[in-house]
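Here is how the chains run, residue by residue.
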Amino acid sequence: MNYHNITHADMLNGEGLRVVLWLAGCTHRCQGCQNPQTWDIHGGIAFDDAAKQELFDYLSQDYISGITLSGGDPLHPQLLNEVHDLIKEIKEKFPTKTIWLYTGFVFEDIRDIELIQYLDVIVDGKFELALLDPKLHWKGSSNQRVIDVQSSMNSNIIILHD
């Protein structure tokens, strides 16, 4: 698994002050994407033990609300196993921190992937340049949804995050 950056105090990609892991690899290649440099699965640098420790050091700070995984697409088929293991470890080590994930896939198609159970919020759907609205909260285009994962899984209907 490769990544492009670890942002340690982000306020644009989820609630509160967050750590953001920008992963490499995206199959969607949305027109107007803000991060086309993250599309190549072989781009970026290896996510090694030092990178993981850096991530955990940031997450251990009291003022950090949680982590957001973005990219690229953290649900790229070649990333699933490593992202699963990382998210599971984060949930075990930092149970009070929230985990957000941005993906171009829609919730209905990914809800049964095992790692989804560890997430708090998913911003789903491809970015659609024609539906761009800079006034939207947490998302870039109006077709995307900010989904409360746990409530949606428990009720079996899509519950949007406020």
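Going by the structure above, here's the rest.
Residues numbered from 1 in each chain as written. Predicted model: local features only at pLDDT ≥ 70, side-chain atom pairs only at ≥ 80, totals over all residues. Heavy atoms only, no water.

1. Observations concerning the packing of aromatic side chains
Here is step 1 of the chain: Considering all chains together, one arrives at three aromatic pairs under this definition.
Here is step 2 of the chain: Here the aromatic rings of Tyr 3 and Phe 47 are separated by 5.6 Å at their centres, their planes lie at 85 degrees, and the arrangement is edge-to-face. Highlighted residues: Tyr 3 in strand 1 (residues 2–10) and Phe 47 in the loop between strand 3 (45–46) and helix 1 (49–59), separated in sequence by 44 residues. The same class applies to Tyr 3 and to Phe 47, which are both buried. (Phe/Tyr/Trp six-rings, centres within 6.5 Å; stacked < 30°, edge-to-face > 60°. Helix = DSSP H or I, 4+ residues; strand = E, 2+ residues; numbered from the N terminus. Buried < 20%, exposed > 50% of the residue type's maximum accessible area, 1.4 Å probe, protein only.)

2. Considerations on the side chain of Arg 18
Here is step 1 of the chain: Note on placement: Arg 18 falls in strand 2 (residues 18–23).
Here is step 2 of the chain: The buried charged residue Arg 18 lacks any salt bridge partner; its closest oppositely charged side chain belongs to Glu 15, at an N-O distance of 6.3 Å.
Here is step 3 of the chain: Within polar-contact distance, the side chain of Arg 18 engages the backbone oxygen of Ile 67 at 2.8 Å.
Here is step 4 of the chain: For Arg 18, the side chain forms a polar contact with the main-chain oxygen of Thr 98, separated by 3.0 Å. (Lys, Arg positive; Asp, Glu negative; His and termini not counted. Salt bridge = Lys/Arg side-chain N within 4 Å of Asp/Glu carboxyl O. Polar contact = N/O pair within 3.5 Å; in protein donor to acceptor, adjacent residues only side chain to side chain.)

3. Side note on the packing of helix 1 against helix 2 (residues 80–93)
Here is step 1 of the chain: Packing of helix 1 against helix 2 brings their axes to within 12 Å, and their N-to-C directions diverge by 35 degrees. You can see that helix 1 and helix 2 cross each other, and the crossing is right-handed. Across the interface between the two elements, Lys 52, Leu 55, Phe 56 and Leu 59 from helix 1 touch Leu 86, Glu 89, Ile 90 and Lys 93 from helix 2.
Here is step 2 of the chain: Among the residues forming the contact of helix 1 with helix 2, the class breakdown is five nonpolar, no polar and three charged. (Axes fitted to C-alpha atoms, helices over the stretch in contact; angles between N-to-C directions. Left-handed = near helix turned anticlockwise from the far one by under 90°. Contact = heavy atoms within 4.5 Å. Nonpolar A, V, L, I, M, F, W, Y, C, P; charged D, E, K, R; others polar.)

4. Observations regarding the pattern of salt bridges
Here is step 1 of the chain: The final tally for this structure, using the stated rule, is five salt bridges.
Here is step 2 of the chain: When the shortest N-O distance is used, the salt bridge between Glu 89 and Lys 93 registers 3.9 Å. In this pair, Glu 89 and Lys 93 both sit in helix 2, four residues apart, roughly one turn of the helix.
Here is step 3 of the chain: By relative accessible area, Glu 89 is classed as partly exposed at 22%.
Here is step 4 of the chain: Judged by its relative accessible area of 47%, Lys 93 is partly exposed.
Here is step 5 of the chain: Ionic pairing is found between Arg 145 and Asp 124, a salt bridge with its closest N-O pair at 2.6 Å. Here Asp 124 lies in strand 6 (residues 121–124) and Arg 145 lies in strand 7 (residues 145–148), a separation of 21 residues in the sequence.

By themselves these figures say nothing about function.
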